[in-house]
Amino acid sequence: MKTKKYLVTLLKYAITFFIISWIIHNYGWKEIVEKVSQAQIGWLIGGGFLFFLSIIFGARQWQIILKNKNILLPYGNALKIYYMGIFFNNFIFGMIAGDTFKV
């Protein structure tokens, strides 16, 4: 079982590395740094805060939905699953991968 967990973690790191490499390759490090440095810090902080809140409330919503179906899931687990679903929705083509993972 530990081997499977290790392989899953390794796969997560590999996917993350691949996505970051792909972004840097397609846009170039210089352009990425330039665009980020031009962003207004207030909007970045505000957007990050709202995104964080949407994750918190979305995970709670899923926990309530599951509870209504007699599936008890601790909030921490619901948050992890919800966050992974958001990751898959953002980075895997098809837009249903994250929802499939959550289900």
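Below you will find a few notes about this structure. (Residues numbered from 1 in each chain as written. Predicted model: local features only at pLDDT ≥ 70, side-chain atom pairs only at ≥ 80, totals over all residues. Heavy atoms only, no water.)

1. What about helix 3 (residues 41-68)?
This is how it is decided: For the purposes of this entry, the term helix denotes a DSSP run of H or I that reaches at least four residues, the term strand denotes a run of E that reaches at least two, and both are numbered from the N terminus. To estimate how far a helix should reach, multiply one less than its number of residues by 1.5 Å. The buried label applies to any residue whose accessible area, calculated with a 1.4 Å probe on protein chains only, is under 20% of its type's maximum; exposed applies above 50%, and partly exposed to all values in between.
When the terminal C-alpha atoms of helix 3 are compared, their 41 Å separation across 28 residues agrees well with the 40 Å that a helix rising 1.5 Å per residue should span. Every buried residue belonging to helix 3 is among I55, G58, A59 and Q63, and all of these are buried. Of the residues trailing helix 3, N70 is marked for its positive phi of about 65°.

2. Some points on a nonpolar patch on the surface
The line we're drawing: Every patch collects residues that have over 30% relative accessible area and no salt bridge, joining them within 9 Å if they carry like charges and within 5 Å if they are nonpolar side chains (Val, Leu, Ile, Met, Phe, Trp, Tyr). Here the accessible surface of atoms and residues is derived via Shrake-Rupley with a 1.4 Å probe, and residues count as covered only by protein chains that are part of the display. Salt bridges are defined as contacts in which a side-chain nitrogen from Lys or Arg sits within 4 Å of a carboxyl oxygen from Asp or Glu.
Taken together, F18, W22, I23 and Y27 make up a surface patch of nonpolar side chains, about 440 Å² in accessible area. Residue placement: I23 occurs in helix 1 (residues 2-27). Overall, I23 belongs to the partly exposed group, its relative accessible area being 30%.

3. Structural notes on helix 1
For helix 1, built from 26 residues, the straight-helix expectation of 38 Å at 1.5 Å per residue is met to within 8% by its first-to-last C-alpha distance of 38 Å. Phi turns positive one or two residues past the end of helix 1, at G28, with a value near 85°.

4. Quick notes on a positive patch on the surface
Rules: In this tally, Asp and Glu contribute negative charge and Lys and Arg positive charge; neither His nor the terminal groups of the chain are included. Throughout, a charge is located at the NZ atom of Lys, the CZ atom of Arg, the CG atom of Asp or the CD atom of Glu.
A cluster of basic residues, K2, K5, K12 and K80, forms a positive patch at the surface. In terms of residue count, the dominant contributor to the positive patch is helix 1 (three residues). With respect to the element layout, K5 can be found in helix 1.

5. Focus on the packing of helix 1 against helix 2 (residues 29-38)
Here is the rule we go by: In this description, a line fitted to the C-alpha atoms serves as the axis of each element, helices being fitted only across the stretch in contact, and the angle between N-to-C directions of two axes falls anywhere from 0 to 180 degrees. Relative orientations are named as follows: roughly parallel for angles under 35 degrees, roughly antiparallel for angles over 145 degrees, roughly perpendicular for angles from 65 to 115 degrees, and oblique for any other angle. Here, two residues are considered to be in contact whenever any of their heavy atoms come within 4.5 Å of each other.
Relative orientation of the contacting elements helix 1 and helix 2 amounts to 95°, with a least axis distance of 6 Å. With respect to helix 2, the axis of helix 1 lies roughly perpendicular. Only W29, E31 and I32 of helix 2 make contact with helix 1, whose side of the interface consists of I23, I24 and Y27.

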